[in-house]
Amino acid sequence: MNKNEKFVITINREVGSGGRTVGSILAEKLGVKYCDKAVIEGLTQKFGLSPERIEEIKAQKKSWWNEINNYYQTLVSSASKPMDAEVVIDSEKMFETEKRILQELAAQESCVIAGRSGFMVFRQWPNHLNIFIQASMDHRIKRIMSRRNVTLEKAREIIEKVDTTREAYIKKYEDTTRYDTRNYDLVISMDALSEEDAAELIIDYINRTNK
């Protein structure tokens, strides 16, 4: 990936690994936009977006990106976003809407995208970097127990449910699994790392492979 040109970094992650936080820190360090499930859902609800609606807005209002960008800023500055929001199986139209929004974001400027099956959406995208953030079950359980103030049993239940739905989401649209490391350029285990460490590791990787 060439960091001197417009780029997109996708971060797919296991719930409880801290990948969402890594993405946010990384975007801040790189000085680019950060996008996740909460942002996409907020944009979709605010503007009533669908694939057809996106094209209508682009055709009728050349400055449509500015309006969406302004609303985007209010979303990312909100402190009420949920941690590692659970994924539900969306309809094909919703998947296509999210895909179009993400690609519009990436077409406008460099960005870091957490979740939303980014490795699928940007597989053929020029100048991209796909990352997978994972952790041991023990690490994930402890983090969710701490962050959500739940019991060990509840944390394990959350992990199992999210793992199942995220994997089903991938398989619905692609003949692959999110655990196939060939889908990524870099795979990081968080067991011995802080979110800050992981973000720095990614930046070091980018600097070493910048071309």
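Up top you'll find the structure we're talking about.
Residues numbered from 1 in each chain as written. Predicted model: local features only at pLDDT ≥ 70, side-chain atom pairs only at ≥ 80, totals over all residues. Heavy atoms only, no water.

S.K.: Quick rundown of the environment of K161? Include the residues and the values.
M.R.: Looking at the element boundaries, K161 is found in helix α8 (residues 152-173). The sequence separation of K161 and V15 amounts to 146 residues, and the corresponding C-alpha distance is 9.9 Å. (Helix = DSSP H or I, 4+ residues; strand = E, 2+ residues; numbered from the N terminus.)

S.K.: Describe in detail helix α7 (residues 137-148), supporting the description with residues and values.
M.R.: At 3.6 residues per turn, the α-helix brings residues three or four places apart onto the same side. Taking 1.5 Å of rise per residue, 12 residues should cover 16 Å, and α7 covers 16 Å from first to last C-alpha, within 8% of that figure. Turning to α7, its buried residues number three or more, namely R140, I141, R143 and I144. The arc that holds the buried residues of α7, viewed along the axis, is 165°, so those residues lie on one side. Exposed residues pointing more than 90 degrees away from the buried face of α7 are listed as K142 and S146. Elements that come into contact with the buried residues of α7 comprise α1 (19-30), α8 and α9 (195-209). In the stretch just after α7, N149 is the one whose phi turns positive, near 55°. (Expected span 1.5 Å × (residues − 1). Buried < 20%, exposed > 50% of the residue type's maximum accessible area, 1.4 Å probe, protein only. Arc of directions from axis to C-beta. Contact = heavy atoms within 4.5 Å.)

S.K.: Hey, could you go over the nonpolar core for me, with residue numbers and the actual values?
M.R.: Judged by nonpolar contacts, the single largest core of 24 residues is most densely connected at I9, L26, V112, I131 and I202. Breaking this core down by element, the ones donating at least two residues are β1 (8-13), α1, β3 (111-114), β4 (128-134), β5 (186-189) and α9. Excluding residues within four positions of it along the chain, I202 makes contact with V22, L26, L129, I131, L186 and I188. In terms of nonpolar packing, the next biggest core, distinct from the first, is built from 10 residues, I101, C111, I113 and V121 among them. (Core = buried A, V, L, I, M, F, W, Y, C linked by side-chain atoms within 4.5 Å.)

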